[in-house]
Structures are given as structure tokens and as C-alpha cells.
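One letter stands for each residue in the lines below.
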Amino acid sequence: MRLLILFVLIAMLASPLSNVAAQTRRQVDLLVLGGTIVTMDGTRRVLDDGAIAVANGRIVAVGPRAEIEPGYTARQKVVATGKVITPGLINGHTHVPMVLFRGLADDLDLQEWLTKYIFPAEAKNVTEDFVRVGARLGLAEMIRGGTTTYCDMYYFEDAIADETAKAGVRGVLGETIIDFPVADNKTNAEGMAYVEKFVSRWKGHDLIVPAIAPHAPYTVSEAHLRAVRAFSDRTGAPIVTHISETKRELDDSVKDKGASPVAYLERIGFLNDHVIAAHMVWPQGTDISILKRRGVGVIHNPQSNMKLAAGVAPVPKMLTEGVFVGLGTDGAASNNDLNMWEEMDTVAKLHKVFSGEPKVISAQQAFELATIRGAQALHLEKEIGSLEVGKRADILIIDRDTLNQIPLYNIYSDLVYATKASDVETVLINGRIVMRNRRLLTLNEATIKTEARALRDKIIKSLGVSAPSQ
Ligand SMILES: [Zn+2]
């Protein structure tokens, strides 16, 4: 009896105490526990044995595990001991369905490649169904390689947005505006009507930022470019475009408009902090200071520029002058993949060999270009690009036990020069796990492969060429 009273007393004393303890532990959706966190925050903190708490798709705490773990309970826990945790990678420029043209025509210059192969192949094959199959293939490849945000320009962008949202991937997605009839719209009026509907449908979505994408200053007239800028001013939609990709584009612009592409766009009042400009290989004179002054985001695509021999963009100079620069793959037809790890490795090495200076573009800078600087170039630095409280929970968990990473001395060197896309193990986007231990959770890989292979046969027939041996 005395024993029972003692138990009751202990229970009465203990229960309010344990309730208090439970109440002080904040309930969140997910906890990442353990591992080395590469935050990419303002001071570039790297935390050994860290932890991240995620609620409603956003990071609510990041710090040492010993501080975070006692304060939170979560329905879902991801133990990342021994792994590296980084922000998701940002592919600043691509045309995602073009994965279906991967390897269709290689080793040509841009004009020949575009006019003889890509434009005819697109004219004969691009339908909404084609775009959906290509988007799913590209999205699967991007998730596997740790890309959590991509910036796109293509046709039927509404269907791409639908596939992207279903896959749980973040996208700045631009519907193409171009001055000749294309797969989804035959006239500028049709294109502008499409983009109006597209932007109003997706605006405010958690994952999708709808954008307008005038192809380039040489394929869209001045009047139409002015209308694009007015549309962006009215709706807040970003403008995705190609600027100054080749020497020929520069020479033609000087001849026809009396100015470089950047100076011409500045003259017509097109440039501002909503513009995301791919390539920028040939800026002239005061172009770089114009880009800085207007807050234009520039996306560098080293592998595509190398493959098409477009030239080498002056990235070190743009960085020194404070231009927002990010990194992209461009479409897979000119790369030929959507692999940001290769792009980081290439950007660091290309600028060393081009300048003859091995200190140019350090490993840390290359990793910045694919994360926080990429976010700045997409004008999304308040939302993504680093692991900080308040930002979206776009997080990679990377295996560091693979042979190619052993032994490890410097985290940025390891990430940029040694880590492979296949080392990415688990991917979270907006707090949702889209790949766990290398298994895709939002896409069916077997179906994607079958559908893409079926389209290959159709593309070959449409071009009237015999099927090459595989
Ligand atoms: Zn492009």
C-alpha cells in the first residue's frame, strides 16, 4: 500500500514535468539530423554534426545537432550522420524537353546546329505530349543530380509547369516569345495571349514562378521586346532570355542596330532586375556596368558555350564588378546532360585555362555559382540558394563514402572537383522528400525511359534519315 502511494506521488510529480518538457519541444514536419552542413549563408558557415528543422516547406532552424535536436519533435526524421548536407543546386538555364534531342546533332556551330537540325526537328515533333515526356525525363535526371530549381525556356510551358509541380521540383518557367510560327503559337498575338493565361494561372504557386521568355534580341522585334517588358512590369513575371551568345550575334547587332546586344536592349529600356540573361559571352565596352546597374541576372553555360564554340564569357570580370552570375547547363542537345556537378567542375577549370591563372574561380566560388549566386541571378535569393532560417527547404544529402571522394580535406574542393551526380542520395524540395536513398518518389523511372525511347524512333522518322546504330 505504501509502495502504491509512493508510485502515485511520483506519477503526480513526474507527469506535469514531462508535459512541460513535451510542450517546449516544437512540433515540426521534418528533422535532418547529423552530417556536415554546408550552409552557403552570409558567413559560409560549415557545421559538423548539424541539424535542420523544417516546417511548412521552410527551414525553421539550422545549427549544431546538440542545440537543435532537444528543441524539436518531428513526424519525419532523416538521419544524415557521415553525409554532406548542402542547398539544392540551381540550374539557371535550360530547355528541359530538349533532352529528347540529346545527341541528335553534335559538333556543329550554333547557326548550323539550330537551322539545319534543331528548328526542323522541333517543327516536326514538338507537341504538348512531346514536351511532357521530355520534361519528365529531364526532371528525373535533375532530381537524381541534386538540382532542385531550374530556369526553363520552351514551348507549351504550361504543360512543363504542370509536370514540374507534379514532380515536386521548383522552376522559373518561361514561355517562349519568338517572331516566327512555333509549335504552340503561330503569331506574336497568340504567344502573348498564351503567356497572359499561363502567368495568371501559376502566379503565387509554391514551386512554380511563371515567366515570359523572349528568345533573343535577334529573333524578337523591338516592338515585341517593349511589349514583353511592359507585360513583366504589369505582372511581376521575370523575363528569361538569351543575350550575346555568339560573336556573330554581336557583329550583326552592331551592323543592324549600331550597338552591342546589351547596349541595344538598354537603349530600348528593356533591362532591369527582372531579366535573367543566358550566356553573355560577348559583352562590350560598358555592357558589364550596365548589367550591374540594372541588376540583370546572368547565367553562364560553360559546357554549352564550349561545345558550340561560342566563346568564353568573362565571368571573373563580371563577378569582380558585382554582376549577379549563376550557372546553367543550357538544353541537353548542346551539353548533352543536365548535370550541375559537371558544370561546376567545368566553370572552375575553363576559366583557369582561359586566363592562364589557376587562382581564378575557386572551388568555393564554383559552388556559390550553383547555389547562392544562382539564386541571386534568378532574383530568388530571399527564397533559395542557402540553408538559412526562413528559406525554402531545398536540401541535398550527399554520400561522402564513395571512392572518388576519399580521403577528404576540403569540403568545397570535394564538392566541386570530386563529387559526382550519382553521389546525391536524398533530395528535399520545399520540405518534401522527392528522392530517398537514390529512389525517385515522385516520378516513375521505368515509364519515363520507355516513353522517351519511343519518341526517339518518331523523331528519326520525321527527319527522313535512317536510324543510326545505337
Ligand atoms: Zn538556351
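Within any chain, residue numbers begin from 1 and follow the written order of that chain's sequence. The model is predicted, so local features are restricted to residues of pLDDT at least 70 and side-chain atom pairs to those at 80 or more, both for listing and for counting; the totals for chains, interfaces and linings are taken over all residues. Remark: hydrogens and water are excluded; side-chain values derive from all non-hydrogen atoms of the structure.

*Asks:* I would appreciate a short explanation of helix H8 (residues 247-257) in the present structure.
*Replies:* Given 3.6 residues per helical turn, the α-helix brings residues three or four places apart onto the same face. In this scheme, a residue with accessible area under 20% of its type's maximum is buried, one over 50% is exposed, and one in between is partly exposed, where area comes from a 1.4 Å probe on protein chains only. Strands here mean DSSP runs of E at least two residues long; helices mean DSSP runs of H or I at least four residues long; both are numbered from the N terminus. Those residues of H8 that fall on the buried side of the exposure criterion are Glu249, Leu250 and Ser253. Projected down its long axis, H8 shows its buried positions confined to an angular sector of 100°, all on one face. In what follows, residue pairs with any heavy atoms lying within 4.5 Å of each other are defined as contacts. Contacts made by the buried residues of H8 are with strand S12 (239-243) and helix H9 (261-267). Gly258 sits one or two positions beyond H8 and adopts a positive phi of about 70°. Comment: arc refers to directions from the helix axis out to C-beta atoms.

*Asks:* Please clarify how the coordination of the zinc ion should be interpreted in this entry.
*Replies:* Geometrically, a metal with four donors at the corners of a regular tetrahedron has ideal angles of 109.5 degrees, and one with six donors at the corners of a regular octahedron has ideal angles of 90 or 180 degrees. Any nitrogen, oxygen or sulfur atom within 2.8 Å of a metal ion counts as a donor, with the limit raised to 3.2 Å for Na, K and Ca, and since water is left out, coordination shells can look unfinished. Surrounding the zinc ion are the protein donor atoms His93 (NE2), His95 (NE2), His242 (NE2) and Asp330 (OD), at 2.1 to 2.4 Å. Here the zinc ion binds 4 donor atoms, and the angle range of 86 to 172° at the metal identifies the geometry as irregular. Sequence positions of the residues that donate to the zinc ion give the spacing H-x1-H-x146-H-x87-D. Of this pair, His95 sits in the loop between strand S8 (89-94) and helix H3 (110-125) while His242 sits in strand S12; the two residues are 147 residues apart in sequence, bridging distant segments of the chain. Only two sets of limits are used to name each site, 85 to 135 degrees for every angle of a tetrahedral four-donor site, and over 155 degrees for opposite donors with all other angles from 65 to 115 for a square planar four-donor or octahedral six-donor site, with any other site named irregular.

*Asks:* Could you clarify how one ought to interpret the packing of helix H4 (residues 128-144) against helix H17 (residues 445-462) in this entry?
*Replies:* Each pair of packed helices can be described by the angle between their axes along with the distance between the axes. Their axes nearest at 9 Å, the elements H4 and H17 cross at an angle of 130°. Classified by the interaxial angle, the pair formed by H4 and H17 is oblique. H17 is crossed by H4, and the crossing has left-handed handedness. Facing H4, whose interface residues are Phe130, Val133, Arg136, Leu137, Ala140 and Arg144, H17 presents Glu445, Ile448, Glu451, Ala452, Leu455 and Ile459. Among the residues forming the contact of H4 with H17, the class breakdown is 8 nonpolar, no polar and 4 charged. Lines fitted to C-alpha atoms define the axes, with helix axes restricted to the stretch in contact, and inter-axis angles between N-to-C directions lie between 0 and 180 degrees. An angle below 35 degrees is treated as roughly parallel, one above 145 as roughly antiparallel, one from 65 to 115 as roughly perpendicular, and anything else as oblique. Handedness of a crossing follows from how the near helix is turned relative to the far one, being left-handed for an anticlockwise turn of less than a right angle and right-handed for a clockwise one. Under this grouping Gly is polar, as are all residues other than the nonpolar Ala, Val, Leu, Ile, Met, Phe, Trp, Tyr, Cys and Pro and the charged Asp, Glu, Lys and Arg.

*Asks:* Explanation requested: the side chain of Glu245 in the structure shown.
*Replies:* Following the sequence through the fold, Glu245 ends up in the loop between S12 and H8. Buried within the structure, Glu245 lacks any salt-bridge partner; Lys307 is the closest side chain of opposite charge, at an N-O distance of 11 Å. In this view, Glu245 contacts Leu110, His279, Val281, Trp282, Leu308, Ala310 and Asp330; residues no more than four positions away in its chain are not counted. The convention is simple: Lys and Arg are positive, Asp and Glu are negative, and His and the chain ends are not counted. Salt bridges are defined as contacts in which a side-chain nitrogen from Lys or Arg sits within 4 Å of a carboxyl oxygen from Asp or Glu.

*Asks:* What should I look at first to understand the sheet that holds strand S1 (residues 26-33) in this one?
*Replies:* In a beta sheet, neighbouring strands are held together by backbone hydrogen bonds and run either parallel or antiparallel to one another. The strand order S5-S4-S1-S6 describes an open sheet built from 4 strands, whose pairing is mixed. Two strands close off the open sheet at either side, each with one partner strand: strand S5 (58-64) and strand S6 (72-79). This sheet shows a mean twist of 25° between the axes of neighbouring strands, independent of strand direction. A pair of strands counts as paired when DSSP detects no fewer than two bridges linking them. Looking at chain direction, strand S4 (residues 50-55) and S5 are connected through 6 bridges and run antiparallel. Residue pairing for S5: Ala53 is matched across the bridge by Ala61.

*Asks:* I tried to follow the nonpolar core on my own but got confused; where do I start?
*Replies:* Across soluble globular proteins, nonpolar side chains have a tendency to be buried as a group. By convention a nonpolar core is built from buried Ala, Val, Leu, Ile, Met, Phe, Trp, Tyr and Cys residues, the set being connected through side-chain atoms within 4.5 Å. Judged by nonpolar contacts, the single largest core of 114 residues is most densely connected at Trp113, Trp341 and Phe367. Among the elements that line this core, the one with the most residues is H4, at 9 residues. Excluding residues within four positions of it along the chain, Trp341 makes contact with Leu89, Gly145, Phe367, Leu396, Ile398, Leu415, Val416, Thr419, Lys420, Ala421 and Val424.

*Asks:* For this particular structure, what's the right way to read unusual backbone geometry?
*Replies:* Peptide bonds are, in most cases, trans, and in most cases residues other than glycine have a negative phi. Looking along the chain, the bond that leaves Asn335 and enters Asn336 is cis, with omega of 10°. Position of Asn336 relative to the elements: it lies in the loop between strand S15 (324-327) and helix H13 (340-355). In the segment running from Ile406 into Pro407, the intervening peptide bond is cis, with an omega of -10°. Here Pro407 lies in the loop between strand S16 (395-398) and helix H16 (411-418). In this structure, Phe156 takes a positive phi of about 50° despite not being glycine. With respect to the helices and strands, the residue Phe156 is situated in the loop between strand S9 (147-154) and helix H5 (157-167). Here Phe156 falls in the buried class, since its relative accessible area comes to 15%. A positive phi angle, near 55°, is found at Ser244, a position not held by glycine. Position of Ser244 among the secondary structure elements: in the loop between S12 and H8.

*Asks:* Explain the pairing of strand S13 (residues 275-279) to me, please; I cannot follow it from the model alone.
*Replies:* The side chains of a regular strand alternate between both faces of the sheet. Counting buried positions along S13 yields 5 of 5 residues, so the element is predominantly enclosed. Where S12 and S13 come together, 5 bridges link them in parallel fashion. What sits directly across from Val240, in S13, is Ile276. Of the pairings in the sheet, the one linking S13 to strand S14 (residues 297-300) comprises 3 bridges and is parallel in character. Paired with Ala278 across the strands is Ile299, a residue of S14. Of the crossover connections in this fold, the one passing from S13 over helix H10 (residues 287-294) to the parallel S14 is right-handed. Look down the strands so they point away from you; if the path from the first strand over the helix to the second goes clockwise, the crossover is right-handed.

*Asks:* Help me understand the confidence of the model for the chain, please; the structure alone is not making it clear to me.
*Replies:* Low pLDDT marks regions whose predicted coordinates should not be analysed in detail. Per-residue confidence for the chain gives a mean pLDDT of 94; residues scoring 70 or more make up 94%. Each residue gets a pLDDT score, which is the predictor's confidence in that residue and runs from 0 to 100. Scored below 50 in pLDDT, residues 3-20 shows 1 contact in the model against residues more than four places distant or in partner chains.

*Asks:* Is there a simple way to think about the packing of aromatic side chains in this case?
*Replies:* Ring pairs (aromatic) are described by centroid distance and by the angle formed between their planes. Between rings of Phe, Tyr and Trp, where Trp is taken as its six-membered ring, a pair exists when centres lie within 6.5 Å; planes separated by under 30 degrees are stacked, by over 60 edge-to-face, and by other angles tilted. Scanning all chains against the criterion turns up 5 aromatic pairs. With a centroid separation of 5.4 Å and an interplanar angle of 35°, the aromatic rings of Phe101 and Phe130 are classed as tilted. In this pair, Phe101 is assigned in the loop between S8 and H3 and Phe130 in helix H4, connecting sequence segments 29 residues apart. Classification of Phe101 by relative accessible area gives buried; the value is 1%. Assessed through its relative accessible area of 1%, Phe130 is described here as buried. Between the aromatic rings of Phe367 and Tyr412, the centroid separation amounts to 6.4 Å while the plane-to-plane angle is 55°, which identifies the pairing as tilted. Of this pair, Phe367 sits in helix H14 (residues 363-369) while Tyr412 sits in helix H16; the two residues are 45 residues apart in sequence, bridging distant segments of the chain. Residue classification places Tyr412 among the buried positions, given a relative accessible area of 8%. Criterion for a charge above a ring: Arg CZ or Lys NZ at most 6 Å from the ring centre, at most 35 degrees from the ring normal. The lysine or arginine in question, Lys257, covers the ring of Tyr264, its NZ or CZ lying 4.7 Å from the ring centre.

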